[in-house]
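# Structural overview
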Amino acid sequence: MIKNDKIYHIVSICSLVLHICVFVFVIVIIVAFLPFHEKRNFYECFIGFFGNSLSFIQPYFVMMILFLSCLGTVFAIKRPMFSFMTVVCSVSFFVIAALPYSIEAMIVGFASPWISGSMSMFGIGFDLIMAVSYIFYFDIAFFIYSLITSFIRSKTNFKYFL
């Protein structure tokens, strides 16, 4: 095993531990207990947010996307190109969780002088989701490192590229 493989193995395990910690933190603390938006928690906000059909499944679907990012880091230990799945799932979760409320806040903040609107109440859960979303920068750096590692591995053996 060359030195780059050892370094990649250590970094990928650190990435796995980091993603598991983020998943557990988001599921156990933020989603279940803390107020997210208008004194409602995450589940109450996302039930029926995207429509009424199958509305009870929607928050679990959003959480499944975050779980898929953890699963992508498990597979990325042996196959570096799975780190792309981690990046896509992490970004998807944070976009789905934060973008609708961020757009609402932007529109109300922009139009409030003319329509005399009041800003929504965002809870500590929303603030912590936004703080945890900075894992995306680590995911991008890890994906670039995974690309470099897979190109180095492809010079010696093509089966490690995929």
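The paragraphs below set out a description of the structure included in this document. Note on numbering: residues in each chain are counted from 1, in written sequence order. Whole-chain, interface and lining totals are the exception, using all residues; otherwise, since this is a predicted model, local features are given only for residues with pLDDT of at least 70 and side-chain atom pairs are given and counted only at 80 or more. By convention in this description, side-chain values take in all heavy atoms of the structure and omit both hydrogens and water.

Here we take up the nonpolar core. One finds Val26, Phe36, Phe42, Phe46, Met63, Phe93 and Ile129 to be the most contacted residues of the largest nonpolar core, which totals 24 residues. By the criteria applied, helices consist of DSSP H or I runs no shorter than four residues and strands consist of E runs no shorter than two, each listed in order from the N terminus. Those elements giving two or more residues to this core turn out to be α1 (3–31), α2 (42–46), α3 (58–76), α4 (83–115) and α5 (124–132). A total of six residues in this core trace back to one element, the largest contributor, which is α4. Residues are treated as being in contact if the distance between any of their heavy atoms lies within 4.5 Å. For phenylalanine 36, the contacting residues outside a window of four places in its chain are Asn41, Phe42, Cys45, Phe46, Ala97, Tyr101, Phe122, Gly123, Gly125, Phe126 and Ile129. Put simply, buried Ala, Val, Leu, Ile, Met, Phe, Trp, Tyr and Cys residues joined by side-chain atoms within 4.5 Å make one nonpolar core. Partly exposed residues are those whose accessible area sits between 20% and 50% of the maximum for their type, while under 20% is buried and over 50% is exposed, using a 1.4 Å probe and protein chains only.

Where α1 meets α3, the closest approach of the two axes is 8 Å, and the angle between their N-to-C directions is 165°. Classified by the angle their axes make, α1 and α3 are roughly antiparallel. Of the two elements, α1 crosses α3, and the hand of that crossing is left-handed. Across the interface between the two elements, Tyr8, Ser12, Ser15, Leu16, His19, Ile20, Phe23, Val26, Ile27 and Val31 from α1 touch Met63, Leu66, Phe67, Ser69, Cys70, Thr73, Val74 and Ala76 from α3. For every element, the axis is a line fit to its C-alpha atoms; helices are fit only across the contacting stretch, and the angle between N-to-C directions ranges from 0 to 180 degrees. Roughly parallel refers to an angle under 35 degrees, roughly antiparallel to one over 145, roughly perpendicular to one between 65 and 115, and oblique to any angle outside these ranges. Here is the rule for handedness: rotate from the far helix to the near one, and if that takes an anticlockwise turn smaller than a right angle the crossing is left-handed, while a clockwise turn gives right-handed.

Here we come to a nonpolar patch on the surface. Think of a patch as exposed residues, more than 30% relative accessible area, with no salt bridge, where like charges cluster within 9 Å and nonpolar side chains (Val, Leu, Ile, Met, Phe, Trp, Tyr) cluster within 5 Å. Computed by Shrake-Rupley with a 1.4 Å probe, the accessible areas treat only the displayed protein chains as cover when residues are assessed. Salt-bridge detection follows one rule: a side-chain nitrogen of Lys or Arg within 4 Å of a carboxyl oxygen of Asp or Glu. On the surface, Ile2, Ile140, Ile144, Ile148 and Ile152 cluster together into a nonpolar patch covering about 400 Å² of accessible area. Tracing the sequence through the fold places isoleucine 148 in helix α6 (residues 135–156). Isoleucine 148 gets classed as partly exposed once you look at its relative accessible area, which sits at 45%.

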